[in-house]
Amino acid sequence: MCGIVAILNTTRYEDSVKQTISALERMEYRGYDSSGIAFIDKEHTLHRICSVGKINNLYTKCSSIDGTCSAIVGHTRWATHGIVTVENAHPQVTGNIAIVHNGIIENYNELKNIVNEPFTSNTDSEIISQLIFHYMKTGMTFKNAFLKTITMLEGSYAVAAICSDCPTTMLGAKKGSPLVVGSDQNHIYMASDAVALSQMTPNITYLEENDVIVAEQGSFQILENGTQQIHRNSVPNTISTENIDKGEYEDFMIKEINEEPAAVSNAYNKFKCSVNIEKYSTIHMIACGSSHYVCILAKYIIEKQKKIRIITEIASEFRYRCPVLNKDTLYVFVSQSGETSDTLGAMRLVLSQNMDTLAIVNVQESSIAREAKHCIYTNAGVEIGVASTKTFVSQLVTLLLTAGIDIPVMEVCKSINKVLNNTKNIFSTAQTLIKHKTLLFIGRGVCYPIAMEGALKIKEITYTPTEGYPSGEIKHGPIAIVDNTVCSVVIAINDDLYEKTMSNMEEIKARGGNIVTIGYKSNNICIDDEEMPSIFASITAVHMLAYYAAKLKNLDVDKPRNLAKSVTVE
Ligand code: M6R
């Protein structure tokens, strides 16, 4: 999490504050609890301006300053170490050094013994500016102090540093967190991702692990492992800012839910498979959050239709349980962002044992996309809302096509569109939900992962305690919570498990629990009968339901509290 940006003005002093804040805004999906900038002015003075809350607050704070500078660094934060305060916001400054950092420095406590200056924050990141400052006091140049510092850091980092005594130098390094670099005639840029630089540089270079950037005297060099200069290819930065506009919609989330039919068609029409899955005895799907629920949903469909053995697993568990890997297995990593730290860590573990990996990713050129042996893009387009919506359906299409299951795209889109046009019923169902303190989403078979997806969306954007459970399992415990303060959302499509779920619904009713339904013959949110279209339509229905519940509670659906879109820390 966290987004960093850095600009070096190579030919003249320029006011780069607005440009930096715009880049931060485009990375706000990475974290948004506080933000800040630091820049070096014409007198070689270092200025730090930070604020708590969304980037708009930083914008207001900077609106009347003269930001003419030689170099500037900016940061948008998702707190890991240290609560949300101005002191803990980045840039972290020690003496003449300002740094911005994305990642976690695991040995920061140990390293504190090396330096003498008092710490001004509770962050792990401050150790970076402290160490650079410390080594410069021993006589090292800024560059050497930076290089020495990064060799001491354990954990992950994308870091950028500037020093007011070296106003025409900007340094950066990457290990475990993404960093890109680009330039034009008058500037050198670094940022956590290509989106940040989308209006700035037409070409970008993705750094490799342990690369260091040294930008000085108007150009930059990439040093492999901080030593040998190395050439890395640049690629066109194709991300257009038009795609990151809300258009006619009030929020990105509702825009993106409305894009679900297009996401299905694009994933289908642009699908390009580079792997023959028939040669594997097992498919092991690994992911986090909603992407993990997509894997479970795909497993139910693929095992039933294709009789292929599928295992699904949460990445953060897989990577640390010493899994026994198998050459006959294809390891599939599903991730919207392609940067999720646990999914990437799990994939690197599999790669280190020379097993076959397939990445199913939305963000092109992301770390998971680049490192996997095979990669299939889901082609959903940029997703800004923290809650994943259109990417969920595009991941499902991609997984099914990979397994050789054809999808009746026209019918699927038609059914989704019916749900999108059913705003009135979904809105009134959301009104019922928000009257309850606790929610329970239940379903059987394919409706079980959809129930978990619905529960996760409700938790994420309405902050309501919600469980997602298999319908058949509630009598083994969860039914104990049922009373009239609990509302259960029962998801049941027209399949062979429908009647069983209806019986489970009766068990809840018999205990005084309130019920709303999504699916076949529903009085609340009725869904088409055909199996495949109804699966997709039910997904859209839970997304819409969560959206309207959050809107009724007047909450920020695009940037819910405590979260970030891209989870680049463990
Ligand atoms: O980018 P990824 O698909 O790897 O992200 C995984 C999860 O962090 C993500 O699905 C998260 O659960 C969403 N916010 C759910 O809406």
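Presented here is a report on the structure given in the accompanying data block. Treat the numbers as computed from the prediction; the structure is a model and nothing was measured.

## Quick word on the packing of aromatic side chains
- Inspection of every chain in the model, using the stated rule, returns four aromatic pairs.
- Here the aromatic rings of Phe318 and Tyr331 are separated by 6.4 Å at their centres, their planes lie at 50 degrees, and the arrangement is tilted. Residue Phe318 is located in helix 9 (residues 315-318), and its partner Tyr331 is located in strand 20 (residues 329-335); the two are separated by 13 residues in the primary sequence.
- Taking 5.6 Å as the distance between ring centres and 80 degrees as the angle between the ring planes, the aromatic pair formed by Phe427 and Tyr548 counts as edge-to-face. On the criterion of sequence distance, the pair formed by Phe427 in helix 14 (residues 423-433) and Tyr548 in helix 17 (residues 531-552) is long-range, its members being 121 residues apart.
- We classify Phe427 as partly exposed; its relative accessible area is 31%.
- For Tyr548, a relative accessible area of 14% translates into the label buried.

## Some details on the packing of helix 7 (residues 260-269) against helix 12 (residues 390-402)
- The N-to-C vectors of helix 7 and helix 12 enclose an angle of 30 degrees; their axes lie 8 Å apart at closest approach. One way to sum up the angle between helix 7 and helix 12 is to call them roughly parallel. For the crossing formed where helix 7 meets helix 12, the hand is right-handed. Contacts from Glu260, Ala263, Val264, Ala267 and Tyr268 in helix 7 reach Lys390, Val393, Ser394, Val397, Thr398 and Leu401 in helix 12.

## Focus: the sheet that holds strand 16 (residues 228-229)
- Sheet architecture is open: seven strands sit in the order 7-8-9-10-14-15-16, paired in antiparallel fashion. Two strands lie at the open edges of the sheet, namely strand 7 (92-94) and strand 16, each paired on one side alone.
- By the bridge criterion, two bridges tie strand 15 (residues 219-224) to strand 16 in an arrangement that is antiparallel. The partner of Glu224 across the bridge, within strand 16, is Gln228.
- Strand contacts of helix 4 (residues 126-137): strand 7, strand 8 (97-105) and strand 9 (155-163), with the helix running at about 135 degrees to strand 8, the strand carrying the most contacts.
- This element, helix 5 (residues 142-152), spans strand 8, strand 9, strand 10 (169-175) and strand 14 (212-216) of the sheet and lies at about 15 degrees to strand 10.

## Quick notes on the site of the ligand
- Taken together, 15 residues sit near the ligand, with Ser291, Ser335, Ser337, Thr340 and Glu460 positioned nearest.
- At 3.0 Å, a backbone N or O of Val386 approaches a nitrogen atom of the ligand.
- Within the contact set of the ligand, an oxygen atom lies 3.1 Å away from a side-chain nitrogen or oxygen of Lys457.
- In this structure, the ligand is accommodated by the second largest pocket.
- At the level of secondary structure, the elements contributing two or more residues to the shell around the ligand comprise helix 8 (289-306) and helix 15 (447-462).
- Residues that form the shell around the ligand fall into these classes: five nonpolar, eight polar and two charged.

The rules we used
- Residues numbered from 1 in each chain as written.
- Predicted model: local features only at pLDDT ≥ 70, side-chain atom pairs only at ≥ 80, totals over all residues.
- Heavy atoms only, no water.
- Phe/Tyr/Trp six-rings, centres within 6.5 Å; stacked < 30°, edge-to-face > 60°.
- Helix = DSSP H or I, 4+ residues; strand = E, 2+ residues; numbered from the N terminus.
- Buried < 20%, exposed > 50% of the residue type's maximum accessible area, 1.4 Å probe, protein only.
- Axes fitted to C-alpha atoms, helices over the stretch in contact; angles between N-to-C directions.
- Parallel < 35°, antiparallel > 145°, perpendicular 65-115°, else oblique.
- Left-handed = near helix turned anticlockwise from the far one by under 90°.
- Contact = heavy atoms within 4.5 Å.
- Pairing = 2+ DSSP bridges.
- Near = heavy atom within 4 Å.
- Polar contact = N/O pair within 3.5 Å; in protein donor to acceptor, adjacent residues only side chain to side chain.
- 1 Å grid on protein atoms, 1.4 Å probe; cavity = no way out; pocket = protein on both sides within 12 Å on 5 of 7 lines; lining within 4 Å.
- Sits in = over half its atoms within 2 Å of the grid points.
- Nonpolar A, V, L, I, M, F, W, Y, C, P; charged D, E, K, R; others polar.

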